[in-house]
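Read off the chains here:
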Amino acid sequence: MVRMIITRRDLLKAAGASWVLGQLGCPGFIAPDRSSKELLTRQEDPFNAEPRLDHLLESWVTPYRSFYVRSHGNQPAVNPDQYALVVEGLVERPLQLRLEDLERVPKITTTATMQCAGNRRSEHSRTKKTGGVQWDAGAIGTAEWRGPRLSDLLGRAGLKPGAKHVWFEGKDSVTLKDRQTLFGGGVPIEKALKPDTLLALEMNGLPLAREHGYPVRTVVPGYIGARSVKWLGRIVVADRPSENNFVARDYKLFPPEATAETVKPESYDPIYEFVLASAICKPVAGETIAAGKLEVGGYAVPPGMDGVTVASVQVSGDGGSTWTPAEFVGKEAPFAWRLWKAKIEVQPGLRTLIVKAVDSRGQVQPEQAPWNFKGYLYNGWHRVPITVL
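Residues numbered from 1 in each chain as written. Predicted model: local features only at pLDDT ≥ 70, side-chain atom pairs only at ≥ 80, totals over all residues. Heavy atoms only, no water.

## Here we look at the nonpolar core
In terms of nonpolar packing, the biggest core is built from 59 residues, with Trp-145, Phe-168, Leu-199, Leu-232 and Ile-235 touching the most fellow members. Ranked by residue count, the leading element in this core is helix α4 (residues 150-157), at four residues. In this structure, Leu-276, Leu-294, Val-296 and Ala-357 belong to the second largest nonpolar core, which totals 20 residues. (Core = buried A, V, L, I, M, F, W, Y, C linked by side-chain atoms within 4.5 Å. Buried < 20%, exposed > 50% of the residue type's maximum accessible area, 1.4 Å probe, protein only. Helix = DSSP H or I, 4+ residues; strand = E, 2+ residues; numbered from the N terminus.)

## With respect to empty space enclosed by the protein
Per the counting criterion, the structure on display carries three cavities of 30 Å³ or more. Roughly 230 Å³ of internal volume is contained in the largest cavity. Taken together, 20 residues make up the lining of the largest cavity; nearest its centre are Arg-70, Arg-217, Gly-225, Ser-228 and Lys-230. If you add up the space inside the second largest cavity, you get close to 90 Å³. In terms of lining residues, the second largest cavity is bounded by Gln-115, Cys-116, Ala-117, Asn-119, Ile-224, Phe-274, Val-275, Ala-277, Leu-377 and Tyr-378. Its residues assigned to classes, the lining of the second largest cavity comprises eight nonpolar, two polar and no charged. (1 Å grid on protein atoms, 1.4 Å probe; cavity = no way out; pocket = protein on both sides within 12 Å on 5 of 7 lines; lining within 4 Å. Points joined across faces, edges and corners; volume = space filled by probe spheres on them. Nonpolar A, V, L, I, M, F, W, Y, C, P; charged D, E, K, R; others polar.)

## Digging into the side chain of Asn-244
Among the secondary structure elements, Asn-244 is positioned in the loop between β13 (232-238) and α6 (245-248). For Asn-244, a relative accessible area of 14% gives the class buried. A polar contact is formed between the side chain of Asn-244 and the backbone nitrogen of Gly-184, at a distance of 3.2 Å. (Polar contact = N/O pair within 3.5 Å; in protein donor to acceptor, adjacent residues only side chain to side chain.)

## Focus: unusual backbone geometry
Tyr-214 connects to Pro-215 through a cis peptide bond whose omega is 10 degrees. Considering the arrangement of structural elements, one finds Pro-215 in the loop between β11 (206-207) and β12 (217-219). A positive phi angle, close to 55 degrees, is found at Asn-204, a residue other than glycine. Here Asn-204 shows up in the loop between β10 (202-203) and β11. Judged by its relative accessible area of 26%, Asn-204 falls in the partly exposed class. For Trp-231, which is not glycine, the phi dihedral falls at a positive 50 degrees. Looking at the secondary structure, you find Trp-231 in the loop between β12 and β13.

## Some details on the pattern of salt bridges
As enumerated under the stated definition, the model contains 18 salt bridges in all. The partner of Arg-361 in a salt bridge is Asp-359, and the shortest N-O contact between them spans 2.7 Å. Counted as one network, the salt bridges with shared partners bring together Glu-38, Glu-58 and Arg-65. (Salt bridge = Lys/Arg side-chain N within 4 Å of Asp/Glu carboxyl O.)

## Comments concerning α4
Along α4, the residues classified as buried are Leu-150, Ser-151, Leu-153, Leu-154 and Ala-157. Buried residues of α4, viewed axially, fall in a sector of 160 degrees; they line one side. Of the residues flanking the end of α4, it is Gly-158, one or two places downstream, whose phi is positive at about 80 degrees. (Arc of directions from axis to C-beta.)

## Description of the environment of Leu-350
Relative to the assigned elements, Leu-350 resides in strand β21 (residues 349-359). When its relative accessible area of 72% is taken as the criterion, Leu-350 is described as exposed. When the C-alpha atoms of Leu-350 and Leu-389 are compared, they prove to be 8.9 Å apart, with 39 residues separating the residues in sequence. If we ignore the near neighbours within four places in the chain, the residues touching Leu-350 are Ile-386 and Thr-387. (Contact = heavy atoms within 4.5 Å.)

## As for the environment of Gln-314
With respect to the element layout, Gln-314 can be found in strand β17 (residues 310-316). Taking the C-alpha atoms as reference, Gln-314 lies 22 Å from Thr-288; in sequence the two are 26 residues apart.

## A short note on the packing of aromatic side chains
In the structure shown here, the tally under the stated rule is 10 aromatic pairs. Judged by centre distance (5.4 Å) and plane angle (5 degrees), the ring pair of Phe-254 and Phe-373 falls under stacked. Taken together, the positions of Phe-254 in the loop between α6 and β14 (277-282) and Phe-373 in the loop between β21 and β22 (382-388) put the pair 119 residues apart, joining distant regions of the chain. Considered together, Phe-254 and Phe-373 belong to a single accessibility category, that of buried residues. Here Trp-323 and Trp-381 contribute two aromatic rings whose centre-to-centre distance is 5.2 Å and whose plane-to-plane angle is 80 degrees, an arrangement assigned as edge-to-face. Of the two residues, Trp-323 sits in the loop between β17 and β18 (324-325) while Trp-381 sits in the loop between β21 and β22, which places them 58 residues apart along the sequence. For Trp-323, a relative accessible area of 24% gives the class partly exposed. Through successive ring pairs, a cluster of aromatic residues spans Phe-67, Tyr-68, Trp-135 and Trp-145. Above the ring of Tyr-64, the side-chain terminus of Lys-37 is found at 3.9 Å from the ring centroid. (Phe/Tyr/Trp six-rings, centres within 6.5 Å; stacked < 30°, edge-to-face > 60°. Lys NZ or Arg CZ within 6 Å of the ring centre and 35° of its normal.)

## Some words on the sheet that holds strand β19 (residues 327-329)
Across the sheet, four strands lie side by side as β14-β16-β20-β19; this open sheet has antiparallel pairing. Where the open sheet ends on each side, the last strands, each with one partner, are β14 and β19. When the angles between neighbouring strand axes are averaged without regard to direction, this sheet yields 35 degrees. (Pairing = 2+ DSSP bridges. Axes fitted to C-alpha atoms, helices over the stretch in contact; angles between N-to-C directions.)

Right, dumping it as structure tokens:
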């Protein structure tokens, strides 16, 4: 019997090559493809999908099959043998790092929640139609991310005076109304140097799957998912925010009166941090429930500020007239969601379940979120209509 010894390098190469093997009719080694996902498709091209909300309660760390997929353009197939990450700009020593170079850098593991800025956009659209993917509350997931600290790579490159921002450029091509571009993000230098900001090579103990950014993505805990750029190809240290479309024009929070025709994006700052939010995952909207005691479950997300956590969650089964404190379940970590459950009494009829969260500063999740034409950062009370018999 021949015994095969498979190295982590073999796993990484297999993860990137699995799509090729599938094309040839060979079984993929790891990195399951889209067919392994249990998601509701919100857009086919580019592919965007989220899980049923009750699937999010299966575990504190979201399994691959239930982790949402956010795409702005194509999902590039990166050959690991040809991959190179460029680090340039206001640095003393520009770098060009191959995948094996990144693998040799000391790694950390951090558990953090990833959330699209457009999560719950469909609720904005109930007020007035918004553009973009019409997400329910499932464009969110929590994973164990592993890879080198971004600060270690920036330290190796050496920061020059005037370094204030770090730009990220992906390899995914995006079609805009007037041109083709690459997706990009960026963060202030202070966030880039935080010890939990990293370049992830792994997600939940396996190399990144293609749709989650293989072979390398940034992970910026506490920030909206658009700042955690997939298929990372270039890092630029600069004295100003990124000029990429998805920093300079998109992923900004505009006031309710602004429109796409009248707004001047350069007058607004990019969105960076999460906002305090919570959602009911079980029961799901439209379910028929027996009257009496009902267990309700969901998630709550802290705002993306250092040291601020979710302090409490309250649930109502009568439209907000009375509130029941929820109990946290599972683990807790900075910049990660808290899962919760509560038992409430529900009476026969058409009922609306509501949840709201309070953070460690005493800030309460708002009852409504101001409308904006981009549909970003909806964090009003989450309401779930049910029928009680």
